[in-house]
Amino acid sequence: MSGMKEVLKDAVLLVLPSLSPDVTNQLVEKLMDQGVEGLDDLVYVKEDDILEFIRPIQCRKLLSSWKNQEHQNCTVVLPPAEVLPSVPPETNTTLGSPPSSSSRPTSSSLASASATHSWTKNFQVPWNLMPDGIKSAVENGQRPSPSDRRQMIRILADEMRKHDTNPTRSQCLTVSRKIVSQYPKSFADMLGDKQVGGGYESVLSQLKVRIEYLNRTNTLSHHRIQRSDTGTTRKQSSTDSYGCTRWQPALPPGESYDSLEVKRQKMEEMHLHEGISGAERGDVCKLMEGTYWLQRHMINATPSPTIADIKTKWPYLFTQRHIYGHFEQLTDKKVLRCLELSIQECGQIIIEFFKSKPTNDDIRSILSRGENDVDAMVIQLLLAHFKEKLDGVFLQADEFATPSDVQQSLHLPESPCLIFLGQSLSNQRWMLSLEGQVVCEGAQPNFITGLAALFASFYNFNLQYQEEAACTLEFVQRRFVDINPECGSKAKKGKVTSKKSCAKKQHHCKPTGFLTSAKTCRL
């Protein structure tokens, strides 16, 4: 039963890594009391079952993840059949009749058996191989130097790879928790005198990044395992796709190119008569969802079409609603909800971190202005921390400017850019520009909706992050939207070129210390 408890803890912490150990234990106990016997049972958990332990938004985030079967990342591989307990010889079963419930392994017993045979459960941290600085730090309850800590991570990764050349995040999580629970004074993530979340996030991040680095030359394709409607698992092919799950899907059943083209033309006709307001119609939403294959077929074409060409064929694809919708079909992520939940969860922590440890004068200046909008302040602080310019991704125009005015008065870059109409970034109307043209006017005048549209456009149209804001955008991607591919990056060195002359290329990601931590903490 203790093995099942650890598996459930992993399922919870992979979605809510900042949850405290006490709350996590209470939540897991409640799940087991409710009758959860395996990971497959998590899809039946309801909000009322666990609402007493976590906040409503955390609860919905957890349930949504489980229903999308994201918890499969923490599933432990079952041992070979020969090591599973066999049916006792005294059990009488008639040929062709189903075995009794007592002789048939339950999901609980299988999960427990699999957990028992996982190498991480018996893995011993090789403290005897650690540098003298680490040994001294843990003995005296002090924090090791960054160089000693990096050396510890290298040794730890090498030892883990003797068991598995590419340990999963779940396996790294188990080892990281062991280290922090054994020596919290030396390795727990702290903000002042308070422990941040479970305390192991920075160790986990450093360890996983090191393992990814060691496997950077591995040419084996990484596949997502998905469960079909029949309950069987299948492998989904890897794609361009840096974080995308349906970069170029198969044709929908019963459809052809011609039938989808008829639907596209129908929407084009609707746009001629109703304009952009037709994007909110229910039938347009269904048509946009149903023609996703044709949208990707055009966007992924070689040579790449211009944004202007795509907008001519798909005018509704450049509305706020359908920018979000296309991104969700492409990545299985609700971009606006991800940003809202993540900034709600850790936005204030990031602000407090920079208040206690401002890393440069630009950060001090931003904090002195007393911005009321947490969303806008967090992004400005990240840009300043990474020494990136605000106008590399955000521009400001007159409060009453039209798209035509903006295009004439501002030098709009080829890369995606968010234009705010007014003197601040908070509670202002916004426009989105691509390839030097305004392509979308926001329906809701606030910062977070504009940020969601801006970020989604990079994925929707296969665009790379511009050099002027690449680190900040990658932080948003990895920490806020939770898109963490095993390798590669959407950042590009040098000047960003448009889709008219550049197809997307992949580059290895070089994470910074702040990005690696993914949460503000004291190292």
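Residues numbered from 1 in each chain as written. Predicted model: local features only at pLDDT ≥ 70, side-chain atom pairs only at ≥ 80, totals over all residues. Heavy atoms only, no water.

Notes on the overall build of the protein
So, step 1. Across its full length, the protein carries 23 helices and 8 strands.
So, step 2. Put simply, the protein has 523 residues, and 49% of those count as buried.
So, step 3. Long-range contacts, defined here as pairs at least 24 residues apart, represent 66% of the contacts in the protein between residues at least 6 apart.
So, step 4. Surface exposure of the protein reaches about 25900 Å², of which carbon and sulfur atoms provide 50%. (Helix = DSSP H or I, 4+ residues; strand = E, 2+ residues; numbered from the N terminus. Buried < 20%, exposed > 50% of the residue type's maximum accessible area, 1.4 Å probe, protein only. Contact = heavy atoms within 4.5 Å. Areas by Shrake-Rupley, 256 points an atom, 1.4 Å probe, with all protein chains shown as cover.)

Let's talk about the pairing of strand β6 (residues 417-421)
So, step 1. Of all the 5 residues making up β6, 5 are buried; the element is thus mostly covered by neighbouring parts of the structure.
So, step 2. Here β6 shows no split at all, with Cys-417, Ile-419 and Leu-421 on one side and Leu-418 and Phe-420 on the other all buried.
So, step 3. Relative to β6, strand β5 (residues 394-397) is paired through 4 bridges, and the arrangement is parallel. Looking at the pairing, Gln-396 lines up with Phe-420 of β6.
So, step 4. Between the parallel elements β5 and β6, the chain passes through helix α20 (residues 403-409) in a crossover that is right-handed. (Pairing = 2+ DSSP bridges. Right-handed = clockwise from strand over helix to strand, strands pointing away.)

What to know about the side chain of Gln-58
So, step 1. By the element assignment, Gln-58 lies in helix α4 (residues 56-67).
So, step 2. Leave out the neighbours within four places in its chain, and Gln-58 touches Leu-16 and Leu-19.

Describing the nonpolar core
So, step 1. Counting residues in each nonpolar core, the largest one holds 79 residues, and the members touching the most others are Phe-394, Tyr-459 and Phe-480.
So, step 2. Formed by 49 residues, the second largest nonpolar core is a distinct cluster that contains Leu-13, Leu-39, Leu-62 and Cys-172. (Core = buried A, V, L, I, M, F, W, Y, C linked by side-chain atoms within 4.5 Å.)

Focus: unusual backbone geometry
So, step 1. Look at the link from Thr-302 to Pro-303: it is a cis peptide, with omega at 0°.
So, step 2. Tracing the backbone through its elements, the reader meets Pro-303 in the loop between α14 (292-299) and α15 (307-313).
So, step 3. Its identity as a non-glycine residue notwithstanding, Asp-332 has a phi of 65°, on the positive side.
So, step 4. Tracing the chain through its elements places Asp-332 in the loop between α16 (320-331) and α17 (335-356).

Focus on empty space enclosed by the protein
So, step 1. Inspection of every chain in the model, using the stated rule, returns 6 cavities of 30 Å³ or more.
So, step 2. For the second largest cavity, the calculated volume is near 80 Å³.
So, step 3. Taken together, Leu-16, Arg-55, Ile-57, Gln-58, Lys-61, Leu-341, Ser-342, Gln-344 and Glu-345 make up the lining of the second largest cavity.
So, step 4. Going through the elements one at a time, α4 and α17 are the ones with two or more residues in the lining of the second largest cavity.
So, step 5. Looking at the lining of the second largest cavity, the element that brings in the most residues is α17, giving 4 residues.
So, step 6. Counted by class, the lining of the second largest cavity contains 3 nonpolar, 3 polar and 3 charged residues. (1 Å grid on protein atoms, 1.4 Å probe; cavity = no way out; pocket = protein on both sides within 12 Å on 5 of 7 lines; lining within 4 Å. Points joined across faces, edges and corners; volume = space filled by probe spheres on them. Nonpolar A, V, L, I, M, F, W, Y, C, P; charged D, E, K, R; others polar.)

Section: the environment of Glu-139
So, step 1. Locating Glu-139 in the fold gives a position in helix α7 (residues 132-140).
So, step 2. For Glu-139, a relative accessible area of 66% gives the class exposed.
So, step 3. The spatial distance from the C-alpha of Glu-139 to the C-alpha of Ser-186 is 9.3 Å, given a sequence separation of 47 residues.

Description of the packing of helix α12 (residues 257-274) against α14
So, step 1. Running from N to C, α12 and α14 point in directions that differ by 95°, and their axes come no closer than 9 Å. Classified by the angle their axes make, α12 and α14 are roughly perpendicular. Contacts between α12 and α14 involve Tyr-257, Leu-260, Glu-261 and Arg-264 on the former and, on the latter, Trp-293, Leu-294 and His-297.
So, step 2. A breakdown of the residues in the contact of α12 with α14 according to their chemical character gives 4 nonpolar, 1 polar and 2 charged. (Axes fitted to C-alpha atoms, helices over the stretch in contact; angles between N-to-C directions. Parallel < 35°, antiparallel > 145°, perpendicular 65-115°, else oblique.)

Some points on the confidence of the model for the protein
So, step 1. Overall, the predicted model of the protein reaches an average pLDDT of 78, with 79% of residues at or above 70.
So, step 2. For the stretch residues 70-117, pLDDT sits under 50, and the model shows 44 contacts to residues farther than four places along the chain or on other chains.
So, step 3. Contacts from residues 494-523, a stretch scored under 50 in pLDDT, to residues over four places away or in other chains number 91 contacts. (pLDDT = per-residue confidence, 0-100.)

Quick word on the pattern of salt bridges
So, step 1. For the coordinates displayed, the defined rule picks out 18 salt bridges.
So, step 2. A salt bridge links Arg-429 to Glu-441; its shortest N-O distance comes to 3.9 Å. With Arg-429 in strand β7 (residues 429-434) and Glu-441 in strand β8 (residues 437-441), the pair connects residues that are 12 residues apart, well separated along the chain.
So, step 3. Owing to a relative accessible area of 44%, Glu-441 belongs among the partly exposed residues under this scheme.
So, step 4. One network of salt bridges, in which partners are shared, links Lys-61, Glu-345 and Arg-479. (Salt bridge = Lys/Arg side-chain N within 4 Å of Asp/Glu carboxyl O.)

With respect to the environment of Asp-482
So, step 1. One can find Asp-482 in the loop between α22 (470-480) and α23 (513-517).
So, step 2. Residue class for Asp-482 comes out partly exposed when judged on its relative accessible area of 41%.
So, step 3. Considered as a pair, Asp-482 and Cys-338 are 144 residues apart in the sequence and their alpha carbons are 7.9 Å apart.
So, step 4. Among the polar contacts made by the side chain of Asp-482, one reaches the side chain of Asn-484 at a distance of 3.2 Å. (Polar contact = N/O pair within 3.5 Å; in protein donor to acceptor, adjacent residues only side chain to side chain.)

Describing the sheet that holds β8
Through backbone hydrogen bonds, the strands of a sheet pair up, either in parallel or in antiparallel fashion.
So, step 1. Across the sheet, which stays open at both edges, the 4 strands sit in the order β5-β6-β7-β8 with mixed pairing between neighbours. At either end of the open sheet lies a strand with only one pairing partner, and these are β5 and β8. Direction aside, the axes of adjacent strands within the sheet are offset by 35° on average.
So, step 2. Where β7 meets β8, 4 bridges bridge the pair, whose relative direction is antiparallel. Pairing of Met-431 across the sheet is with Glu-441, part of β8.

Focus on helix α18 (residues 361-369)
In an α-helix, one full turn covers 3.6 residues, which means residues spaced three or four apart are oriented alike.
So, step 1. When we look at burial in α18, the residues that qualify are Ile-363, Ile-366 and Leu-367. One face of α18 carries all of its buried residues, which in axial projection span an arc of 95°. Opposite its buried face, α18 presents the exposed residues Asp-361, Asp-362, Ser-368 and Arg-369, each directed more than 90 degrees away.
So, step 2. Looking at the packing, one finds that the buried side of α18 touches α17 and α19 (374-385).
So, step 3. Near the N-terminus of α18, the side chain that reaches the backbone nitrogen of Asp-362, with its oxygen 3.1 Å away, is that of Asn-360.
So, step 4. Gly-370 sits one or two residues past α18 and shows a positive phi near 65°. (Arc of directions from axis to C-beta.)

Section: α19
So, step 1. End to end, α19 covers 16 Å across 12 residues, agreeing with the expected 16 Å (1.5 Å per residue, within 8%).
So, step 2. Summarising burial for α19: 11 of the 12 residues are buried, a large majority.
So, step 3. All of the buried residues along α19 are Asp-375, Ala-376, Met-377, Val-378, Ile-379, Gln-380, Leu-381, Leu-382, Leu-383, Ala-384 and His-385.
So, step 4. Sitting at the amino-terminal end of α19 is Asp-373, which places a side-chain oxygen 3.0 Å from the backbone nitrogen of Asp-375.
So, step 5. The first or second residue beyond α19 is Lys-387, which carries a positive phi of 60°. (Expected span 1.5 Å × (residues − 1).)

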